[in-house]
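Chain residues, written in single-letter form:
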Amino acid sequence: MIWIWIAVIVAAIVVEVASMQLLSIWFAIGGVAALITSFLTQNIVIQIVVFAVVSAIALALIFPAVRRSLKKEHVKTNADRYIGKLAVVTENISNIDAKGQVKVDNQIWSARSNDGRDLPVGTKVVVLRIEGVKLIVSAAE
């Protein structure tokens, strides 16, 4: 059984390195525990139970902490200051043609309408959000 547990460990590590998604590292930890257990007993049932329990414990204890540490925070930029501001359409906005520009605070931005409507030049709009390098706008009431 020693070679089987070594194969399980190696396979789990290879899958983890290939994916980098924390998919199988837990099984590598369980495999190490089962490998150590295989030196203490030849009972395959005990080894499998140790593998399953240690893998589950590793997943339950470590995964939440790792997920919190990998969680990316939204980094605010000073472009966020445009949200809620009034702008003027300087190039017809057409979501279908993927065209359109607005001027807000003397800055020209690519823009798309929030509801998909075409907005002609001169229309006053409100900036709702930023998606990439485009302002998402809606006609001002």
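Bear in mind that the values here come from a model prediction, so they are computed numbers and not experimental data.

Enquirer: So what's going on with the pairing of strand E5 (residues 134-139)? Residues and values would help.
Expert: Relative to E5, strand E3 (residues 107-113) is paired through four bridges, and the arrangement is parallel. When the bridges of E5 are listed, Ala-111 appears paired with Leu-135. Alignment of strand E4 (residues 124-131) against E5, held across six bridges, turns out to be antiparallel. Of the residues in E5, the one forming a bridge with Val-126 is Ser-138. Where E4 folds back onto E5 in an antiparallel hairpin, the turn is made up of two residues, including Gly-132, whose phi is positive at roughly 70°.

Enquirer: Quick rundown of the packing of aromatic side chains? Include the residues and the values.
Expert: The tally for this structure, following the rule as stated, stands at three aromatic pairs. Between Trp-5 and Phe-51 the ring centres are 5.3 Å apart and the planes differ by 35°, which places this aromatic pair in the tilted class. Of this pair, Trp-5 sits in helix H1 (residues 2-19) while Phe-51 sits in helix H3 (residues 44-70); the two residues are 46 residues apart in sequence, bridging distant segments of the chain. Take Trp-5 and Phe-51: they sit in the same class, and that class is buried. Ring centres of Phe-27 and Phe-51 lie 6.2 Å apart, and the angle between their planes is 25°; on these two criteria the pair is classed as stacked. Residue Phe-27 is located in helix H2 (residues 25-40), and its partner Phe-51 is located in helix H3; the two are separated by 24 residues in the primary sequence. The class for Phe-27 is partly exposed, based on a relative accessible area of 41%. A residue is classified by how much of its surface remains accessible, and Phe-51, at 17% relative accessible area, is buried. Three or more aromatic residues joined by ring pairs form one cluster here, namely Trp-5, Phe-27 and Phe-51.

Enquirer: Before we move on, can you summarise the pattern of salt bridges with the specific residues and values?
Expert: By the definition in use, this model includes three salt bridges. The partner of Lys-85 in a salt bridge is Asp-105, and the shortest N-O contact between them spans 2.8 Å. Note that Lys-85 is positioned in the loop between H3 and strand E1 (86-94) and Asp-105 in the loop between strand E2 (99-104) and E3, a separation of 20 residues in sequence. Note on Lys-85: relative accessible area 31%, which makes it partly exposed. Salt-bridge contacts for Asp-115 lead to Arg-117; the nearest nitrogen and oxygen are separated by 3.0 Å.

Enquirer: Account for H1, naming residues and giving values.
Expert: The end-to-end C-alpha separation of H1 is 26 Å, in line with the 26 Å expected for 18 residues at 1.5 Å each. Among the residues of H1, those classed as buried are Trp-5, Ile-9, Ala-12 and Glu-16. Buried residues of H1 fall within an arc of 65° about the axis and therefore sit on the same side. Along H1, the residues that are exposed and aim more than 90 degrees away from the buried face are Trp-3, Val-14, Val-17 and Ala-18. Positioned one or two residues after H1, Met-20 has a phi angle of 55°, which is positive.

Criteria and thresholds
Residues numbered from 1 in each chain as written. Predicted model: local features only at pLDDT ≥ 70, side-chain atom pairs only at ≥ 80, totals over all residues. Heavy atoms only, no water. Pairing = 2+ DSSP bridges. Helix = DSSP H or I, 4+ residues; strand = E, 2+ residues; numbered from the N terminus. Phe/Tyr/Trp six-rings, centres within 6.5 Å; stacked < 30°, edge-to-face > 60°. Buried < 20%, exposed > 50% of the residue type's maximum accessible area, 1.4 Å probe, protein only. Salt bridge = Lys/Arg side-chain N within 4 Å of Asp/Glu carboxyl O. Expected span 1.5 Å × (residues − 1). Arc of directions from axis to C-beta.

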